[in-house]
Amino acid sequence: MIETILIEGFIYGIMVLGLFISYRTLNFCDMTVDGAFPMGGCILAACLTHGMSPVVGILLAFVGGCIAGLCTTLLYTKLRVPDLLAGILMMTMLYSINLRIMSNRANISFLRIPTTFSKITDFTVNHFPSIPSETGILVFLIIFIVIFKLLLDLFFHTDLGLTMGALGSNQQMVISQGVNPQIVRGIGVCFGDGLAALSGAYASMYNGFADVGSGTGIIVSGLASLMLGEFIIRSNKIGWITLRVLIGSIIYRALMFIARRYGHYIHLTANDLKLITGLLIIICLIIANLKGKSNFSQHLKRPAKKGSEVQEAK
């Protein structure tokens, strides 16, 4: 149970990190994620069925997601299409592209195809039969996530990373520094969609199949994970921010696991998971609005400073 929650939390946490870059850092509403996520699994499936290495398939999945993000950015910057509409257009087109990638097959099973996770599972079973078979996958993901998080934190301390963070808050300041915001935004969106495709490739390996419909509603679950993490940890330091993204992903997957396992007691089924996700986001928004109103009211109730009193007296 715990292994499953952590594995799913880390795998989908990669996608949530991509959403964090697009939605929180760049303030860019990127709906391409719903198409880039299954695209990663489709590219991996195409590579594996043609006898290529899983490592090569994972790298190509990341590159494919970056290309999808680049197309969305070009629609936004060159054709002046709004970011939301550009993402929806790209997400819609990616469905047909993903079918083409998998030779017009909607689903490909990895049952008889060796993957990175299947090799790790076999190694764990053969050499450590006393521990659960999924422990090896969990250890692999922990090592990967720790290294990736450290590299991402270092990136946001570079000039490009700092500029990317400033772009989402104040675009005019970035322009005044002589930086082209279109290039910076394009890099961020490409990287975010690349992470979504990478997450989709890992998810398909873990599930044992690639499906063109696996990305339906994935962006909603990612936003729910983002909001849950923001309630757990409140900090402006990038190390804590990326950590809370991963924690939010794990918490969300734990809630979904509990709903699947024990939901029948309150007559919940797997068909209700999307409803639960939507309600989670609505609850998070309500709590955020209430906190914002309470902070504003506390600010109004603060006593005026002496300087301001003197000015009012004058």
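Residues numbered from 1 in each chain as written. Predicted model: local features only at pLDDT ≥ 70, side-chain atom pairs only at ≥ 80, totals over all residues. Heavy atoms only, no water.

Enquirer: Hey, could you run me through the side chain of S225 in this one?
Expert: Position of S225 among the secondary structure elements: in helix α10 (residues 218-232). Sequence-distant contacts of S225, defined by excluding residues within four places in its chain, comprise V16, G248, S249 and Y252. (Helix = DSSP H or I, 4+ residues; strand = E, 2+ residues; numbered from the N terminus. Contact = heavy atoms within 4.5 Å.)

Enquirer: Whenever I open this one, helix α4 (residues 83-101) confuses me. Can you help?
Expert: Three- or four-residue spacings in an α-helix give side chains the same orientation, since the helix completes a turn every 3.6 residues. For α4, which comprises 19 residues, the first-to-last C-alpha distance of 26 Å matches the rise-based estimate of 27 Å (1.5 Å per residue) to within 8%. Taking the largest bend as the criterion, α4 deviates by roughly 25°, centred on Y95. Taken as a whole, α4 has its buried residues at D83, A86, G87, M90, L94 and N98. Just downstream of α4 lies S103, where phi reads positive at about 60°. (Expected span 1.5 Å × (residues − 1). Bend = angle between axes of the 7 residues up to and from the residue. Buried < 20%, exposed > 50% of the residue type's maximum accessible area, 1.4 Å probe, protein only.)

Enquirer: Got a minute to help me understand helix α6 (residues 135-155) in this structure?
Expert: The end-to-end C-alpha distance of α6, which contains 21 residues, comes to 30 Å, matching closely the 30 Å that a straight helix rising 1.5 Å per residue would cover. Among the structural elements, α1 (2-25), α5 (116-127), α9 (181-207) and α11 (238-262) are those in contact with the buried residues of α6.

Enquirer: Help me understand the environment of I43, please; the structure alone is not making it clear to me.
Expert: Looking at where I43 falls in the secondary structure, it is placed in helix α2 (residues 33-49). We classify I43 as buried; its relative accessible area is 11%. I43 sits 16 residues away from L59 along the chain, and the two C-alpha atoms are 9.6 Å apart.

Enquirer: Explain the packing of aromatic side chains to me, please; I cannot follow it from the model alone.
Expert: Any pair of aromatic rings gets described here by the distance separating the centres and the angle formed by the planes. Scanning the entire structure with this criterion turns up 12 aromatic pairs. Ring geometry for Y12 and F37: centres 5.6 Å apart, planes at 20°, overall stacked. Here Y12 is found in helix α1, whereas its partner F37 is found in helix α2, with 25 residues between them in sequence. A single burial state applies to Y12 and to F37, both of which are buried. (Phe/Tyr/Trp six-rings, centres within 6.5 Å; stacked < 30°, edge-to-face > 60°.)

Enquirer: Would you mind showing me how to read the pattern of salt bridges here?
Expert: For side chains bearing opposite charge, pairing can occur when the charged atoms are close. For the structure shown, the criterion picks out 2 salt bridges. For D153, the salt bridge identified is with K149, shortest N-O distance 2.8 Å. Taken as a pair, D153 and K149 lie in helix α6 at a separation of 4 residues, close to a single helical turn. (Salt bridge = Lys/Arg side-chain N within 4 Å of Asp/Glu carboxyl O.)

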